[in-house]
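Here is what each chain is made of, one letter per residue.
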Amino acid sequence: MGVALGRLVQWTAPGHGTRALEKTPLNEAIMKEIIMFAESFIYKYPQEAKYVFVEPLEWKTDLDPSAFESGYVVSATTVKSEESDENGQPLLFLSVPQIKVRSFGQLSCLLLIAKDTKLKEAQACIEGNRNPIAKILGLDYNTVKEESSILNILDKITKYNDTESEIKMKIAILLKQLDVNLLNHSLKCISLEIPLHPAAVKNDIELLKHFSGKGEQTVLESIKYTSDYEYPNGCRAPPWRQILGEICYVLVKPHDVETLCITCSKEGVFLNGGKTDDEEINYERKGVIYKDLVTCLKEKSAKFSENMSKQKTRFNELQKEKNKPNETPKKEAPSALRKAIPGSDKTMLEKNQINFGKSNMTKRLEPSLNWRTTVDSKEHRTSVHEERHGGRVEKSAPSVSAGKAQLIRKSGEKVEEIVSESSSESEEDEEPPDHRQEANADLPSEYWQIQKLVKYLKGGNQTATVIALCSMKDFNLAQETCQLAIRDVGGLEVLINLLDTDDVKCKIGSLKILKEISHNPQIRRNIVDLGGLPIMVNILDSPHKSLKCLAAETIANVAKFRRARWAVRHHGGITKLVALLDCAQNSAEPAQSSLYDARDVEVARCGALALWSCSKSYANKEAIRKAGGIPLLARLLKTSHENMLIPVVGTLQECASEENYRAAIKAERIIENLVKNLNSENEQLQEHCAMAIYQCAEDEETRDLVRMHGGLKPLATLLNNTDNKERLAAVTGAIWKCSISKENVTKFREYKAIETLVGLLTDQPEEVLVNVVGALGECCQEYENRVIVRKCGGIQPLVNLLVGINQALLVNVTKAVGACAVEPENMMIIDRLDGVRLLWSLLKNPHPDVKASAAWALCPCIQNAKDAGEMVRSFVGGLELVVNLLKSDNKEVLASVCAAITNIAKDQENLAVITDHGVVPLLSKLANTNNDKLRRHLAEAISCCCMWGRNRVAFGENKAVAPLVRYLKSNDANVHRATAQALYQLSEDADNCITMHENGAVKLLLHMVGSPDQDLQEAAAGCISNIRRLALATEKARYT
């Protein structure tokens, strides 16, 4: 313990005042180990726990005397333990704020009393007792903290042969063991720490910039450096701060919190003091250190954490790509292409590669005194050209340079476009490791045979080229070895160059090969880097239908990641692909489908396939709509060609996430055909139809259309087929959204779908559970369905799901449990399963949606519990937690918490407790809101809280009355009723009556006396009566 505290614990720098422990992960880990040791000491070593320290451990505590209960003599400002030493001195003495502890037993009890603040108490104890061993055992044992061993301890102790010395010996050995454990634990923590490097920090910031911007789906609003100057070592911090390991400072604006000023250093990332009035940075650290920028932002912003979880895979893939910025698609260019590169360019390339290697080997972070001048790099494009000599087709090497130039340009030229890509893409980008074949690896014969064929492609005439392409096609191109063989020898460049020739046979052969090998994620990225997509987009204008089909299919394979989708749109590919869908003018008549030209149908199918891949970004969806894609997709949906229907429905499913598309889908009467195809025997088609219905069924009219066209029964039937989890997730999602309409719920009950849904609450993946629970939450709004769920044993699995971590699942589960709790019999089961406590614990969840949903669910639980007041009081700290949630910035959280307080306050004891926790000023602070939902529940909460003590007067003193009068001008009848009831309760106080009268409440209330709502009538009349009674009393007093 002595060595650990002396050498490993990190203290603040010497300066003004006492040095304190820094808030670092290492310090926190050490303190937690010490707490575990001290907390369990009284149970593990009861005899040693009674040992009285030579000197008491003394520090300033935040504990209140009221926290101490049995075993202590408590007064207003002091606490004495009943346990004392032989001289009658208490072993624990608290005189606010100083506390003295003289035994391990009392130290253990103190930590148990501290509960959530035990870490803070441990920190204060260590800071106040820099040499605890000397105080515990005496100055003779002070050397325990240094080099002494167990033998040294024994030598010291055996000088005295008595019981006290033996106990001292045991305690000394235990402290020595604790010291060793702390050292070992610290070494583990230190070994896991990886220092940040300027390049890694820069990559993270650049990636976050790509994902930032306006819109709900972006992870941040903005992120920028505080300084535009970059030193040669990659740092942006001033040299005198670089010495301390600091790299740069960034200003981050999340969606849900204020701008954060963050320091990135070798040790980690932390908040600093922000910018001062002089626009200087306050470098002092505020808070804990995080391992990287993303972790820090996840902790500080719930919205960032939510949106980042949706894009986690894509962010990681781009991060890997950023970590290899200078890696070209080929590590070693083929000899034939290398010869075509001019000598000067080659030399420059080699120099760049050497410099890049050196920069990678640089490990040490050194401060730099030279400013780096930022120069805009010019864009160099080398056109791909074709030369014919005696019937021989030769493709020049500059195509490789063009591909490299495109790779270099992408981070600067396309940032704005890439940001516009949808952040909710259903298929995440894939960035697998770049596999290269080792020179000495045991490779199959096909690898070498393909490399020979590529040489013929490079050097042969037209006939030889076609033969080589045909021979290459005969290989199993689905095998990764064959795919990488083509790439490693430079075959991709040759195949892409062949697309730019005039020979149709060469183009067809090249596209057939590219179509097969582009299933490989690495290959498709290489195709984009080499500039292959613009050429394929141009081929879509070809009069040859076979070429169109092959080009569209290859684009469909390549456009699986954002940069490829951007390239297709940027080069006009979306418009051309939409044009491919117009395969026949008479396709509106299904009976004529047999008359279609099979080639036209194939062209349309390939076009739809490519659009399906491209439709995973918002910008492309808009481009498809503007190009007139929806009517053409609607027409193709009426065909009987199943292989055509899958990409068409897949495209519609992707696009239906946008509101403009959903309106167009209704207008084009697409829902009818989606419902019809639910009865298909093709599982993939069923899945995409169900997913499209799920996307569209947010709209009430669409839900009615699904019911009118008989779509509910096939959905209920498909629930019984649970083998295909992707289809099951789509079907349950469609049922969930359709269940929002009561008429649909009635139908689902007829089809026994609710019983089936209950059976799916166990042993299913989370994506299925989210939808199943969401559907049950909607169905349980009706009494009959709540009974069915209870009889089918659905309450217990629902309560079991309350312990999960999936945000969407928790929101739906809390809603379903709350809906079930409306029935007293269901509520008894929920209470018995500890469901209310689990709901209450979700109020601590960092996600606002989960908090709000949990608070809404608690309302029926409190209403229908047998002894609701006692149940609520049984949750330690529960009422304080609810009151503190009134400080939230989220309107839905505030409305739900006000509703919960309305139910809690119906019990007088609970009302007294929340009043002590300051509920009145917090509710009053919310009064100036324009949100009608919040207004209603806030007014109800104020009405109920008036029933205790002088709360009516307190609301008036906190200026809550005047804003409430303005609520009467709302258009919502529920707001009128709740406000009138609140004003009636407040009008019991004379000062409040004066405020109401001054703000024109009487005139507004008079109109409401004639309302058909009886509760509103009575409350309005009662309030006017109180105001009038006060006026009469005042008038009478004036004349008497």
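What you see is a predicted model; the values in this text were computed from it and never measured. (Residues numbered from 1 in each chain as written. Predicted model: local features only at pLDDT ≥ 70, side-chain atom pairs only at ≥ 80, totals over all residues. Heavy atoms only, no water.)

### What about the overall build of the protein?
- Within the protein, the secondary structure is distributed over 58 helices and 12 strands.
- Look at the contacts in the protein between residues 6 or more apart in sequence, and 69% of them connect residues 24 or more apart.
- Looking at the protein as shown, the accessible area adds up to about 49,200 Å², and 50% of this sits on carbon and sulfur atoms. (Helix = DSSP H or I, 4+ residues; strand = E, 2+ residues; numbered from the N terminus. Contact = heavy atoms within 4.5 Å. Areas by Shrake-Rupley, 256 points an atom, 1.4 Å probe, with all protein chains shown as cover.)

### Topic: the state of the cysteines
- As enumerated under the stated definition, the model contains 0 disulfides in all.
- Its sulfur unpaired, Cys-261 is 10.0 Å from the next cysteine sulfur, which belongs to Cys-264. (Disulfide = S-S within 2.5 Å.)

### Some words on the pairing of strand β8 (residues 260–265)
- The buried count for β8 comes to 6 of 6 residues, which makes it a mostly enclosed element.
- Side chains Leu-260, Ile-262 and Cys-264 project from β8 onto one buried face, and the interleaved Cys-261, Thr-263 and Ser-265 project onto a second face that is buried too.
- When strand β7 (residues 246–253) meets β8, the two strands line up antiparallel, connected through 6 bridges. When the sheet's bridge partners are listed, Val-252 is paired in β8 with Leu-260.
- For β8 and strand β9 (residues 269–272), the ladder comprises 3 bridges, and the chain directions are antiparallel. In the sheet register, Ile-262 faces β9, and the bridge partner there is Leu-271.
- Linking β8 to β9, which pair antiparallel, is a turn of 3 residues; within it Gly-268 sits at a positive phi near 155 degrees. (Buried < 20%, exposed > 50% of the residue type's maximum accessible area, 1.4 Å probe, protein only. Pairing = 2+ DSSP bridges.)

### Structural notes on helix α34 (residues 683–696)
- Over its 14 residues, α34 runs 20 Å from end to end, which matches the ideal 20 Å to within 8%, given 1.5 Å per residue.
- Here α34 lies mainly inside the structure; 10 of its 14 residues are buried.
- Along α34, the positions that sit buried rather than exposed are Leu-685, Gln-686, Glu-687, His-688, Cys-689, Ala-690, Ala-692, Ile-693, Gln-695 and Cys-696.
- Among the residues of α34, the N-terminal cap falls to Asn-682, whose side-chain oxygen and the backbone nitrogen of Gln-684 are separated by 2.9 Å. (Expected span 1.5 Å × (residues − 1). Polar contact = N/O pair within 3.5 Å; in protein donor to acceptor, adjacent residues only side chain to side chain.)

### Quick word on the sheet that holds β7
- What the 5 strands build is an open sheet, ordered β6-β7-β8-β9-β10; its pairing is antiparallel. The open sheet terminates on both sides in strands that have one partner only, identified here as β6 (222–225) and β10 (285–290). Averaged over neighbouring strand pairs, the angle between their axes works out to 25 degrees when direction is ignored.
- Note that β9 and β10 share 3 bridges and pair antiparallel. Bridged to Asn-272 within β10 is Arg-285. (Axes fitted to C-alpha atoms, helices over the stretch in contact; angles between N-to-C directions.)

### Focus: the UniProt feature "coiled-coil region" (unreviewed entry) in the protein
- UniProt's entry tags residues 664–691 with the feature "coiled-coil region" (unreviewed entry), counted in the numbering of this structure.
- A helix fraction of 75% and a strand fraction of 0% characterise residues 664–691, whose end C-alpha atoms lie 17 Å from each other. (UniProt positions renumbered as here; feature names shortened; annotations may be inferred.)

### With respect to the confidence of the model for the protein
- For the protein, the mean per-residue pLDDT works out to 80, and 81% of the residues sit at or above 70.
- Of the regions scoring below 50 in pLDDT, residues 325–431 engages in 178 contacts with residues more than four places distant in sequence or in other chains. (pLDDT = per-residue confidence, 0-100.)

### Things to note about the environment of Leu-137
- Tracing the backbone through its elements, the reader meets Leu-137 in helix α6 (residues 132–137).
- As for Leu-137 and Met-169, which are separated by 32 residues in sequence, their C-alpha atoms are 9.3 Å apart.

### Thoughts on the pattern of salt bridges
- Counted under the stated rule, the structure contains 39 salt bridges.
- The residue Glu-622 makes a salt bridge to Arg-625 at a minimum N-O spacing of 2.8 Å. Of the two residues, Glu-622 and Arg-625 are both situated in helix α29 (residues 618–626); the distance of 3 residues between them amounts to about one turn of the helix.
- One network of salt bridges, with partners in common, ties together Lys-515, Glu-553, Glu-602 and Arg-605. (Salt bridge = Lys/Arg side-chain N within 4 Å of Asp/Glu carboxyl O.)

### Side note on helix α4 (residues 104–114)
- A large share of α4 lies buried, amounting to 9 of its 11 residues.
- All of the buried residues along α4 are Phe-104, Gly-105, Gln-106, Leu-107, Ser-108, Leu-110, Leu-111, Ile-113 and Ala-114.
- Positive phi shows up at Lys-115, right after α4, with a value of about 55 degrees.

### Comments concerning the packing of helix α18 (residues 445–459) against helix α20 (residues 480–488)
- It is at 9 Å that the axes of α18 and α20 come closest, and there the two elements cross at 35 degrees. As for how α18 packs across α20, the hand of that crossing is right-handed. On α20, the residues that touch Glu-446, Tyr-447, Ile-450 and Gln-451 of α18 are Thr-481, Cys-482, Leu-484, Ala-485, Ile-486 and Asp-488.
- Residues of the contact of α18 with α20, tallied by class, amount to 6 nonpolar, 2 polar and 2 charged. (Left-handed = near helix turned anticlockwise from the far one by under 90°. Nonpolar A, V, L, I, M, F, W, Y, C, P; charged D, E, K, R; others polar.)

### What about the nonpolar core?
- One finds Trp-840, Ile-914 and Leu-923 to be the most contacted residues of the largest nonpolar core, which totals 218 residues.
- For Leu-923, the contacting residues outside a window of four places in its chain are Leu-886, Cys-898, Leu-938, Ala-941, Ile-942, Cys-945 and Phe-955.
- Ranked by size, the runner-up nonpolar core spans 42 residues in total, among them Ile-35, Ala-49, Leu-94 and Leu-110. (Core = buried A, V, L, I, M, F, W, Y, C linked by side-chain atoms within 4.5 Å.)

### A word on the packing of helix α31 (residues 642–655) against α34
- It is at 9 Å that the axes of α31 and α34 come closest, and there the two elements cross at 25 degrees. When the interaxial angle is binned, α31 and α34 end up roughly parallel. Remark: the crossing between α31 and α34 carries left-handed chirality. Here α31 contributes Glu-642, Leu-645, Ile-646, Val-649, Gly-650 and Gln-653 to the contact with α34, which in turn contributes Gln-684, Leu-685, His-688, Cys-689, Met-691, Ala-692 and Gln-695.
- Residues belonging to the contact of α31 with α34 are distributed by class as follows: 7 nonpolar, 5 polar and 1 charged. (Parallel < 35°, antiparallel > 145°, perpendicular 65-115°, else oblique.)

### Points about the packing of aromatic side chains
- One pass over the structure, following the stated rule, counts 11 aromatic pairs.
- Arranged with centres 5.2 Å apart and planes meeting at 70 degrees, the rings of Phe-68 and Tyr-72 form a pair that is edge-to-face.
- Judged by relative accessible area, Tyr-72 falls into the buried class, the value being 11%.
- Plain terms: the ring middles of Tyr-249 and Tyr-283 are 5.3 Å apart, the flat faces sit at 50 degrees to each other, and that makes the pair tilted. (Phe/Tyr/Trp six-rings, centres within 6.5 Å; stacked < 30°, edge-to-face > 60°.)

### Brief notes about the sheet that holds strand β1 (residues 52–60)
- The antiparallel open sheet is built from 5 strands, whose spatial order is β1-β5-β4-β3-β2. In the strand order of this sheet, the two ends are held by β1 and β2 (72–74), each with one partner. Taken over all neighbouring pairs, the strand axes of this sheet differ in orientation by 10 degrees on average, direction set aside.
- One ladder, built from 4 bridges, connects strand β4 (residues 92–95) with strand β5 (residues 98–103); its direction is antiparallel.

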